[in-house]
Amino acid sequence: MNVLQQLQAMTDIVADTGNIDDIQRLNPMDATTNPSLVLKAIQSGSYDQTIQDLCKEFTNVSDITNALLVKIGSGIVDTISGLVSTEVDARFSYDTQKTIDHALTIIELYKQAGIDSKRILIKVAATWEGIQAAKALEAKGIHCNVTLMFCEGQAFAAADANAFLVSPFVGRITDWYQAQGQKIENGINDPGVLSVKSIYENFKAQGINTIVMGASFRNSGQIIQLAGCDKLTISPALLDELADTELNIERKLNAGASQTRQAELSKAQFDEAMKNNPMATEKLAQGVEGFINDQIKLETLIQAFG
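Calculation criteria
Residues numbered from 1 in each chain as written. Predicted model: local features only at pLDDT ≥ 70, side-chain atom pairs only at ≥ 80, totals over all residues. Heavy atoms only, no water. Helix = DSSP H or I, 4+ residues; strand = E, 2+ residues; numbered from the N terminus. Buried < 20%, exposed > 50% of the residue type's maximum accessible area, 1.4 Å probe, protein only. Salt bridge = Lys/Arg side-chain N within 4 Å of Asp/Glu carboxyl O.

Enquirer: Can you walk me through unusual backbone geometry in this structure?
Expert: Among all residues except glycine, the phi angle is most often negative; among peptide bonds, the trans geometry is most common. The phi dihedral of asparagine 27 falls on the positive side, at around 50°, and the residue is not glycine. Tracing the sequence through the fold places asparagine 27 in the loop between α2 (20–26) and β2 (30–32). What makes asparagine 27 exposed here is its relative accessible area of 56%. One non-glycine residue, serine 216, lies in positive phi territory at about 60°. Along the chain, serine 216 falls in the loop between β7 (211–214) and α11 (220–224).

Enquirer: In this structure, what is going on with the pattern of salt bridges? I would like to understand it.
Expert: For side chains of opposite charge, pairing can occur when their charged atoms come near one another. Considering all chains together, one arrives at 15 salt bridges under this definition. Put simply, glutamate 87 and lysine 123 hold a salt bridge, and the shortest N to O gap is 3.6 Å. In this pair, glutamate 87 is assigned in strand β3 (residues 84–87) and lysine 123 in strand β4 (residues 120–125), connecting sequence segments 36 residues apart. For glutamate 250, the salt bridge identified is with lysine 252, shortest N-O distance 3.7 Å. When salt bridges that share partners are traced, they join Asp12, Asp30 and Lys231 into one network.

Take a look at the structure:
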């Protein structure tokens, strides 16, 4: 078997793309999108007619954008057997109530499209406010993917919120340490890989049910070192590389020794954990800013159709 086939035997594979053609070709279990991936899909021209039709139906760019996100997500749902992640507007990342309100709007639009909300994960940023929004949404039976995650403080706060899934960003963690001059020779000593490994092992050891999904990979070596993780969301290019690679791999992640569940983090403890982790603080802020910029670009592109 090729590497991808071996990986699929121990980990749920998720396609990290908004391109429906790639999803149909790759046949993953789940799919994740974010503002950057949606923008890329729109820029390909694949959704020009859809946008034109929505511009006739709605006049407000926010309504058009929401409807477009759900159109894309609905198309993906029809293609896969599992879950689709749809992201809340990143401009609400530091506002709990606005995050909740936007999430409810997205879920309602999916329901109007005939999509069961159980097939949808609402993506929220791993800010304190985003995590509290996830807590409120999970209490309503709306499952969440807590994204832009760079440290265990964020991960355990999301687990405290009963988040369905967390997405630690492997590649962006690695990028930061490389920019600081750290030499990373392979996936074994990769700080991004080690971060996900630690979160996974601690969650399992403490009996935490929140799913761990490694994300943001820079190379196939990082992916192979996380074989056995609950889920891995991988770009089409890296999925193709894994499918073309003949190499025996083994499970890398396993539950650690049983531990007592740690006490729930307070906001002060969360803030302290972030303060003491400059990498996580910097990458979270950059990630939110990047998604905001792409959200604005997306809306500008939509307005051009009007």
